[in-house]
Protein chains: 2
Amino acid sequence: MEGAESEPTRIMVAVNESSIKGYPHASISSRGAFDWTLQKIIRSNTSGFKLLFLHVQVPDEDGFNDMDSIYASPGDFQDMKHRDMKRGLHLLEYFVGRSHEIGVPCEAWIKKGDPKEVICHEVKRVRPDLLVVGSRGLGPFQRVFVGTVSEFCAKHADCPVVTIKRKVNETPSDPVDD
Amino acid sequence: MEGAESEPTRIMVAVNESSIKGYPHASISSRGAFDWTLQKIIRSNTSGFKLLFLHVQVPDEDGFNDMDSIYASPGDFQDMKHRDMKRGLHLLEYFVGRSHEIGVPCEAWIKKGDPKEVICHEVKRVRPDLLVVGSRGLGPFQRVFVGTVSEFCAKHADCPVVTIKRKVNETPSDPVDD
């Protein structure tokens, strides 16, 4: 147990942007998952843990605010890609910044694709000790339409998974928002 | 966060007896769940956590070894109940003893009934910050016949749940055994 004690516990936290406020704001549920990890697991033992923040950008969703943009040259697409990347970086900056303040070592990175698939793939690759995912805590009816990343990960990720449900008092008027 | 830091994180660990060795031996998967909690979550921060061990006795299973017993008077049933209780206490003694050695505060208690229902009921009652359950990691075919407590709890327990799958090298020849 001495050897295990020297290696920090690596916790992967899947984070995404708010559907209401957009980048660079984090979603309510991913902030909740992060806060829970700090308060309930890491506590004062900041050197015993390492946080791994994964942000998966959904190609379609990221283009949402660009509906009125005009793309006239290959360079315009390049600009758009740069803008997407910049937004993702802003999001991660929030989590890395807060971890730094508290003194927990961390790493953060961005991937593109279907969040649930990419998260499970990254778990296989980096082998964290625990994956923490936020959840909007939607009912069965709402879930049919929006799908839930957390449910998929709890079933398919190759490591222990804990799902943190959004607090009732933080639920927006449309619970699908986050 | 100062206030939150003073209250320890309360982790409920559901434990049961081994199907191979019987009482007072703990099942492979519940020992695995306990070890994981110590090594990956509590680590050296023993004063930051409190462990709550819940053992649910299944009335039928506990009578299994008494198939050849003869019950001749009401007192014989009383003896049997005492024996069951004693075995459950021996099981909990293992977990409480190890926690004590390490210096993590803990509580342990026994309930009777259907484990999955009782665990969810106890979560509602004692409100832990996290529930840790071991799992044999059975495939879909095996699950049909044995049911899985961990899956039910992950879905229905009123707190964050983490399921710790049994290690491959610890799986007995019949994976339904534990």
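Look a little higher up for the structure.
What you see is a predicted model, and the numbers here were worked out from it, not measured in a lab. (Residues numbered from 1 in each chain as written. Chains lettered and ligands numbered in written order. Predicted model: local features only at pLDDT ≥ 70, side-chain atom pairs only at ≥ 80, totals over all residues. Heavy atoms only, no water.)

Draft legend 1. Expanded view of the interface of chain B and chain A. The interface of chain B with chain A comprises 25 residues on the first partner and 25 residues on the second. The junction of chain B with chain A conceals about 2100 Å² of combined surface from both sides, 52% of it contributed by carbon and sulfur atoms. Where chain B touches chain A, the interface holds two salt bridges. In this structure, K40 of chain A and D129 of chain B form a salt bridge, with 3.1 Å as the shortest nitrogen-oxygen distance. For the interface between chain B and chain A, the tally reads 10 residue pairs in polar contact (both at pLDDT 80 or more). (Contact = heavy atoms within 4.5 Å. Buried area = accessible area lost by both parts, 1.4 Å probe. Salt bridge = Lys/Arg side-chain N within 4 Å of Asp/Glu carboxyl O. Polar contact = N/O pair within 3.5 Å; in protein donor to acceptor, adjacent residues only side chain to side chain.)

Draft legend 2. Summary view of the relation of the copies chain B and chain A. Note on the identical chains: chain B maps onto chain A by a rotation of 180° and an axial translation of 0.0 Å, with an RMSD of 0.0 Å. In symmetry terms, the pair is related by a two-fold rotation axis. Ranked by how close their C-alpha atoms come to the rotation axis, the residues of chain B are headed by V162 of chain B, at 2.6 Å. Comparing interface residues between copies, 100% of those in chain B also lie at the interface in chain A; the contact surface is shared. (Least-squares fit on C-alpha atoms with pLDDT ≥ 70 in both.)

Draft legend 3. Representation of the packing of helix α5 (residues 115-126) of chain A against helix α7 (residues 149-156) of chain A within the structure. Residue and element names in this part refer to chain A. In the contact formed by α5 and α7, the axes pass within 9 Å of each other and the chain directions differ by 30°. Here α5 is positioned roughly parallel relative to α7, judged by the angle of their axes. The interaxial crossing formed by α5 with α7 has right-handed handedness. Touching P115, K116, E117, I119 and C120 of α5 are V149, F152, C153 and H156, all from α7. (Axes fitted to C-alpha atoms, helices over the stretch in contact; angles between N-to-C directions. Helix = DSSP H or I, 4+ residues; strand = E, 2+ residues; numbered from the N terminus. Parallel < 35°, antiparallel > 145°, perpendicular 65-115°, else oblique. Left-handed = near helix turned anticlockwise from the far one by under 90°.)

Draft legend 4. Molecular detail of helix α2 (residues 28-42) of chain A. Residue and element names in this part refer to chain A. Taking 1.5 Å of rise per residue, 15 residues should cover 21 Å, and α2 covers 20 Å from first to last C-alpha, within 8% of that figure. Looking at α2, one finds that the buried residues are I28, S29, S30, A33, F34, W36, T37, L38, I41 and I42. Following α2 by one or two positions, R43 has its phi on the positive side, about 50°. (Expected span 1.5 Å × (residues − 1). Buried < 20%, exposed > 50% of the residue type's maximum accessible area, 1.4 Å probe, protein only.)

Draft legend 5. Spatial organisation of unusual backbone geometry. Residues and elements named next belong to chain A. Of note in this structure, R127 is not a glycine but carries a positive phi near 50°. By the element assignment, R127 lies in the loop between α5 and β4 (130-135). Residue R127 is classed as exposed on the basis of its relative accessible area, which comes to 52%.

Draft legend 6. Representation of the environment of M80 of chain B in the model. Relative to the elements of secondary structure, M80 of chain B occurs in helix α4 (residues 74-102). Sequence separation of M80 of chain B and T163 of chain B is 83 residues, and the distance between their C-alpha atoms is 33 Å.

Draft legend 7. View of the nonpolar core. Counting 44 residues, the largest nonpolar core has L51 of chain A together with L51 of chain B as the members making the most contacts within it. For L51 of chain A, the contacting residues outside a window of four places in its chain are I11, V13, F34, T37, L38, I42, S99, V104, P105, C106 and E107 of chain A. (Core = buried A, V, L, I, M, F, W, Y, C linked by side-chain atoms within 4.5 Å.)

Draft legend 8. Here's a closer look at the pattern of salt bridges. Tallied over the entire structure, the rule returns 12 salt bridges over all chains. Between K50 of chain A and E107 of chain A there is a salt bridge, with the nearest N and O atoms lying 2.7 Å from each other. Here the residue K50 of chain A occupies a position in strand β2 (residues 49-57), and E107 of chain A occupies one in strand β3 (residues 106-112), the gap between them amounting to 57 residues. Across the pair D114 of chain B and K116 of chain B runs a salt bridge, and its minimum N-O distance is 2.9 Å. D114 of chain B sits in the partly exposed class, given a relative accessible area of 35%.

Draft legend 9. How the structure looks around the packing of α2 of chain A against helix α4 (residues 74-102) of chain A. Residue and element names in this part refer to chain A. Between α2 and α4, whose axes approach to 12 Å, the crossing angle comes to 15°. Classified by the interaxial angle, the pair formed by α2 and α4 is roughly parallel. Along this stretch, α2 crosses α4, giving a crossing that reads as right-handed. Residue-level contacts link S30, R31, F34, D35 and L38 of α2 to Y94, F95, R98, S99 and I102 of α4. Residues of the contact of α2 with α4, tallied by class, amount to five nonpolar, two polar and three charged. (Nonpolar A, V, L, I, M, F, W, Y, C, P; charged D, E, K, R; others polar.)

Draft legend 10. Structural view of the packing of aromatic side chains. Per the counting criterion, the structure on display carries eight aromatic pairs over all chains. Ring centres of F34 of chain A and F95 of chain A lie 5.2 Å apart, and the angle between their planes is 85°; on these two criteria the pair is classed as edge-to-face. Of the two residues, F34 of chain A sits in helix α2 while F95 of chain A sits in helix α4, which places them 61 residues apart along the sequence. We note that F34 of chain A, like F95 of chain A, is buried. The interplanar angle of 80° and the centroid separation of 4.9 Å between the aromatic rings of Y94 of chain B and F95 of chain B together place this pair among those described as edge-to-face. Taking relative accessible area as the criterion, Y94 of chain B reaches 28% and is therefore assigned partly exposed. (Phe/Tyr/Trp six-rings, centres within 6.5 Å; stacked < 30°, edge-to-face > 60°.)

Draft legend 11. Quick look at the side chain of S99 of chain A. Residues and elements named next belong to chain A. Within the secondary structure layout, S99 lies in helix α4. You can call S99 buried: its relative accessible area is 0%. Setting aside chain neighbours within four positions, we find S99 in contact with F34, L51, F53, V104 and C106.

Draft legend 12. Geometry of the sheet that holds β4 of chain A. All names here are of chain A. Strand order in this open sheet of five strands is β3-β2-β1-β4-β5, and the pairing throughout is parallel. In this open sheet, the two strands that pair with only one neighbour each are β3 and β5 (161-165). Ignoring which end each strand starts from, the neighbouring axes of this sheet average 25° apart. Of the strand pairs in this sheet, β2 and β3 are connected by seven bridges, and their pairing is parallel. Pairing of L52 across the sheet is with E107, part of β3. (Pairing = 2+ DSSP bridges.)

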